[in-house]
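# Understanding the architecture of this molecule
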Amino acid sequence: MIFDLPGRFWRGNLHTHSNLSDGALSPAETAQVYRDAGYDFVAITDHFRAEYGFPMADTRELRTDGFTTLIGAELHAPRTEAGQAWHIVAVGLPLDFAAPDETETGPELARRARAAGAWIGMAHPSASLLTAVDAESLDAAHAVEVYNALSDRENRGDSWHLTDVLLNRGHRLTTYAADDAHLQPQDPPPCQAWIHVRAETLAPDALLTALKAGHFYSSTGPELYDVRIEGDEITVRCSPATKILLTGGHPGAEVIQGTNLTECTFPLHLFRNTHCRITTEDASGARAWTNPIHLAPRPPR
């Protein structure tokens, strides 16, 4: 499990916009918002569209000893089953990444970005009305954006259902939360959803390697201190919670509720031969999620 890996957790956001596209603030001002909120890193992922001149925010000068940035963009190409353009988060792009032409599809664009070294996220599937057919065609994706704070404004922030469908069909995807901040006056406040990445250093290359390996968990508030499997049980240690759940690729759940819960153990038998995850929820309703945990079949006795 990631909690035993060398290094520490670094807090960051992977989906953010500046005034290079439809955000309110400059890249420097946007990064300062996250630095002031105690984040360790941010990826400014402006809309890579012709109407904005295909921007790629060069944030390298904003890096300091205690704060860094990842280069990326939100890529777009036609078209999903609902008739809309794709929204694809690509983090770790080269600054000279070429704009798509009129014939390049979303899946093709994502493959090209991944081949260029980027980590690929399937942005806000629920808000984009992605179908399972759409999602399976995006075969370059590393991860699904399972919670998007901006989309939550329209009650489409949560994309766990589609993610479980994909995982049950054999797609080995990780999962991340992001706030998709544009910092416009009408938007929800920034810094509402993030990931904690386990890496030995804050170097951009180290963070990108950890992202691709799935060495992170997601949160809108709570912290996970340890999750470990021993035999047929999974044990969780976390910041104070009112609910801790074990859910995944099988209908049903293991649930414990109470006040100031900080540790619990669940049996794993419900999720053998499939995947599971831990979710914790605190008194304010904020949640934290592990990445999917794939369980091997129980060996014969």
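Here, the structure is the one placed above.
This text gives an overview of the structure that appears in the document. This is a predicted model, so every value here is computed, not measured. (Residues numbered from 1 in each chain as written. Predicted model: local features only at pLDDT ≥ 70, side-chain atom pairs only at ≥ 80, totals over all residues. Heavy atoms only, no water.)

### So, the overall build of the protein chain
- Along its length, the protein chain carries five helices and 16 strands.
- Here the C-alpha atoms of the protein chain give a radius of gyration of 19 Å, agreeing with the 19 Å that 2.2 N^0.38 yields for 301 residues.
- The 301 residues of the protein chain split such that 55% are buried.
- Sequence separation of at least 24 residues holds for 65% of the intrachain contacts in the protein chain that already meet a minimum separation of 6.
- Working note: accessible area of the protein chain is about 12800 Å², and carbon and sulfur atoms make up 48% of it.
- The averaged location of the 39 negative side-chain charges in the protein chain is 6 Å from the averaged location of its 24 positive side-chain charges. (Helix = DSSP H or I, 4+ residues; strand = E, 2+ residues; numbered from the N terminus. Rg over C-alpha atoms; globule rule 2.2 N^0.38 Å. Buried < 20%, exposed > 50% of the residue type's maximum accessible area, 1.4 Å probe, protein only. Contact = heavy atoms within 4.5 Å. Areas by Shrake-Rupley, 256 points an atom, 1.4 Å probe, with all protein chains shown as cover. Lys, Arg positive; Asp, Glu negative; His and termini not counted. Charge placed at Lys NZ, Arg CZ, Asp CG, Glu CD.)

### Some thoughts on unusual backbone geometry
- The peptide bond linking proline 78 to arginine 79 adopts the cis configuration, its omega dihedral lying at -25 degrees.
- The residue arginine 79 is located in the loop between strand 4 (68-75) and strand 5 (88-91) in this model.
- One non-glycine residue, aspartate 180, lies in positive phi territory at about 50 degrees.
- Inspection of the secondary structure assignment puts aspartate 180 in the loop between strand 8 (174-178) and strand 9 (194-199).
- Positive phi, close to 55 degrees, is recorded for asparagine 260, a residue that is not glycine.
- Here asparagine 260 shows up in strand 13 (residues 254-267).

### Some thoughts on the nonpolar core
- With 35 residues, the main nonpolar core has Leu75, Leu93, Phe97, Ala113, Ile120 and Met122 as its most contacted residues.
- Setting aside residues up to four positions removed in sequence, phenylalanine 97 forms contacts with Phe48, Met56, Leu75, Leu109, Arg112, Ala113 and Ala116.
- Among the nonpolar cores identified, the runner-up in size contains 22 residues, and Tyr217, Leu224, Val227 and Ile234 belong to it. (Core = buried A, V, L, I, M, F, W, Y, C linked by side-chain atoms within 4.5 Å.)

### Let's talk about the pattern of salt bridges
- If you walk through the whole model with that rule in mind, you get 12 salt bridges.
- For aspartate 164, the salt bridge is made with arginine 277, and the minimal N-O distance between the two is 2.9 Å. Here arginine 277 lies in strand 14 (residues 275-281) and aspartate 164 lies in helix 4 (residues 160-168), a separation of 113 residues in the sequence.
- Residue arginine 277 is classed as buried on the basis of its relative accessible area, which comes to 7%. (Salt bridge = Lys/Arg side-chain N within 4 Å of Asp/Glu carboxyl O.)

### A word on the pairing of strand 7 (residues 143-148)
- Within strand 7, six of the six residues are buried, leaving the element largely enclosed by the surrounding structure.
- Pairing between strand 6 (residues 119-122) and strand 7: two bridges, direction parallel. By the bridge assignment for strand 7, glycine 121 is matched with alanine 143.
- As for the winding sense of the linkage, the β-α-β connection from strand 6 through helix 3 (residues 132-137) to strand 7 is right-handed.
- Bridge analysis of strand 7 against strand 8 gives five bridges, and the strand direction is parallel. Across the sheet, the residue bridging to glutamate 145 is tyrosine 176, located in strand 8. (Pairing = 2+ DSSP bridges. Right-handed = clockwise from strand over helix to strand, strands pointing away.)

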